[in-house]
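Secondary and tertiary structure notes
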Amino acid sequence: MEVFEVHGGARLCGRVAVAGAKNSVLKLMAATLLAPGESTITGVPDILDVHIMAELLRRLGAQVTFRADIGELTIDVPEHIGHQADYDLVRQMRASIAILGPLVARVGVADVALPGGDAIGSRGLDMHMAGLEAMGASFTSDHGYLIAAAPKGLHGAAMVLDFPSVGATENLLMAAVLAHGQSVIDNAAREPEIVDLGEMLIAMGAQIEGLGTSTIAVTGVSVLHPVVHATVPDRIVAGTWAVMAALTGGDITIDHAEASHLEIALDKLTDAGAYVEHQQGGFRVRMDRAPKAVDVATFPYPGFPTDLQPQFITLNAVAAGASMVTENLFEARFRFVQELLRLGADVRIDGHHAFVQGPRRLAGAAVQATDVRAGVALVMAGLVAEGVTTVSDIHHIDRGYAGLAATLTDLGASIERVTLTDVDLRAGNRQPVHL
Ligand code: UD1
């Protein structure tokens, strides 16, 4: 088992370049299934989830080549593709469900194992299914597989989502582009990753209006063609670096980042006392004083992102004052607070609110990552804790942050990726041994 061993105390200073968004690229990969031929996606991060999705596409018959050194993915989709997404892959990554819409639209059938992924709440599929049903698909389930069938093809439909779900909007959009006739998705999600997906689909020949608004209108076309597409920068990774700068009293210039995708989060950092400077192709965040605690409530975009909530709890734990963090999207996202308490944070959970009292001087301890963002938030806590923090289950962090330890080291942090031996694990010793 590998862990991150973090020595607290460094001020992070320097430059980082952000790759394409995990939450976009996985859907862009799924979208290539809609058109036979070779598509190319650039700006692809070398993270575990990309490799899982690549394997999923290979099993459907696509040839996938990932040049991680230049972040370029080529996906050659055959005329005839499979329709089954196996449990061993889907259970590792909930975003596998993004192939549901493209498969039903292109093949008329999809067998997708019911997903796993981050342990951050129940994350139903009801809106995905209701929308596809409105377009003519029917669903059955069999031995843990969800089976969608539309033998006569999909037709356009008017759909109103109960909630602006990112995944449901994406699946329905990818299905509607090849459905017969007009579709309207109301109460659609407006995330930059949806706009990115929609722009790629338009470049493939789709007819879509209203991207980035709550009403997306699609006129179905009969065929799409392959494309070359650059992935939108990862706003969550960019936002994570921004919080790290504020947390450590540092100064980080974040290149290849879109500040306008992070408006509320950057405003919150300013409230916390940081200076945010917009620059060509990115922005700079620096902090020259002790941070002040800030209240945060997560909402669908353009609201404050749930994927930055744990990082802000860490910031608030060491910031001066009392704060309330409200989680409106994923009920289990506060699970990581238990781990933060081990480092000495003062956080009380009441329903979907976390009450944080700072400033607390954190002290290093062994903690466990419970999901990708929680994991990075614990590494961040380690950066400002006294002594050594050991973060385990870092495979969660690998799902979203490529080369985290190396980049942190370049910025001045003391962090190492080390392996615990079987002997240590059997002995219950979670402190790492350097190999
Ligand atoms: C995506 C992101 C995730 C981010 C989230 C919200 C990916 C791979 N993941 O997840 O990082 O935190 O958006 O910005 O892109 N829901 C239902 N029924 C449905 C669909 C969703 O009840 O049919 C619920 C979920 O349980 C959850 C909420 O809606 O409580 C939000 O889910 P959704 O917006 O769909 O998020 P994801 O696409 O899963």
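Residues numbered from 1 in each chain as written. Predicted model: local features only at pLDDT ≥ 70, side-chain atom pairs only at ≥ 80, totals over all residues. Heavy atoms only, no water.

Brief notes about the overall build of the protein
If you tally the helices and strands in the protein, you get 15 helices and 24 strands. With the C-alpha coordinates aligned to their principal axes, the bounding extent of the protein is approximately 65 × 45 × 40 Å. The buried share of the protein, reckoned over its 435 residues, is 57%. For the protein, the exposed surface amounts to about 16,500 Å²; the carbon and sulfur share of it is 50%. Within the protein, one finds 30 positive and 49 negative side-chain charges whose respective centroids are separated by 5 Å. (Helix = DSSP H or I, 4+ residues; strand = E, 2+ residues; numbered from the N terminus. Buried < 20%, exposed > 50% of the residue type's maximum accessible area, 1.4 Å probe, protein only. Areas by Shrake-Rupley, 256 points an atom, 1.4 Å probe, with all protein chains shown as cover. Lys, Arg positive; Asp, Glu negative; His and termini not counted. Charge placed at Lys NZ, Arg CZ, Asp CG, Glu CD.)

With respect to the pairing of strand 20 (residues 346-350)
When strand 20 meets strand 21 (residues 353-358), the two strands line up antiparallel, connected through five bridges. Bridged to valine 347 within strand 21 is valine 356. If you look at the hairpin formed by strand 20 and strand 21, you'll find two residues sitting between the two strands, and glycine 351 has a positive phi there, around 65 degrees. (Pairing = 2+ DSSP bridges.)

Quick look at helix 6 (residues 166-176)
Most of helix 6 is tucked away: nine of the eleven residues are buried. Every buried residue belonging to helix 6 is among Ala168, Thr169, Glu170, Asn171, Leu172, Leu173, Met174, Ala175 and Ala176, and all of these are buried. For helix 6, the side-chain oxygen to backbone nitrogen distance between the N-cap and glycine 167 is 3.5 Å, and the N-cap itself is serine 165. (Polar contact = N/O pair within 3.5 Å; in protein donor to acceptor, adjacent residues only side chain to side chain.)

What about the sheet that holds strand 20?
Two pairing modes exist for strands in a sheet, parallel and antiparallel, and in both the strands are linked by backbone hydrogen bonds. With mixed pairing, four strands are arranged side by side in an open sheet as 18-19-21-20. Taken across any chain shown, the strands that pair with only one partner, and hence form the sheet edges, are strand 18 (296-297) and strand 20. The pairing of strand 19 (residues 321-326) with strand 21 spans six bridges and is classified as antiparallel. Pairing of threonine 326 across the sheet is with histidine 353, part of strand 21. Along the sheet, helix 10 (residues 309-318) makes contact with strand 18, strand 19 and strand 21, crossing strand 21 at roughly 30 degrees. (Contact = heavy atoms within 4.5 Å. Axes fitted to C-alpha atoms, helices over the stretch in contact; angles between N-to-C directions.)

Things to note about the layout of surface pockets
Taken as a whole, the second largest pocket encloses approximately 250 Å³ of empty space. Taken together, 17 residues form the lining of the second largest pocket, with Ala17, Val18, Ala19, Val237 and Ala402 sitting closest to its centre. Sorting the residues of the lining of the second largest pocket by element identifies strand 2 (13-17), helix 8 (235-247) and helix 14 (404-410) as the ones contributing at least two each. Classifying every residue of the lining of the second largest pocket gives eleven nonpolar, three polar and three charged. (1 Å grid on protein atoms, 1.4 Å probe; cavity = no way out; pocket = protein on both sides within 12 Å on 5 of 7 lines; lining within 4 Å. Points joined across faces, edges and corners; volume = space filled by probe spheres on them. Nonpolar A, V, L, I, M, F, W, Y, C, P; charged D, E, K, R; others polar.)

Let's talk about the sheet that holds strand 12 (residues 207-209)
If you walk across this open sheet you meet the four strands as 10-11-13-12, and the pairing is mixed. Of all the strands in the sheet, just strand 10 (158-160) and strand 12 have a single pairing partner and so form its edges. When strand polarity is set aside, the average angle formed by the axes of neighbouring strands in this sheet is 15 degrees. Bridging between strand 11 (residues 182-186) and strand 13 (residues 215-219) involves five bridges; their strand directions are antiparallel. Within strand 13, the residue paired with isoleucine 185 across the bridge is isoleucine 216.

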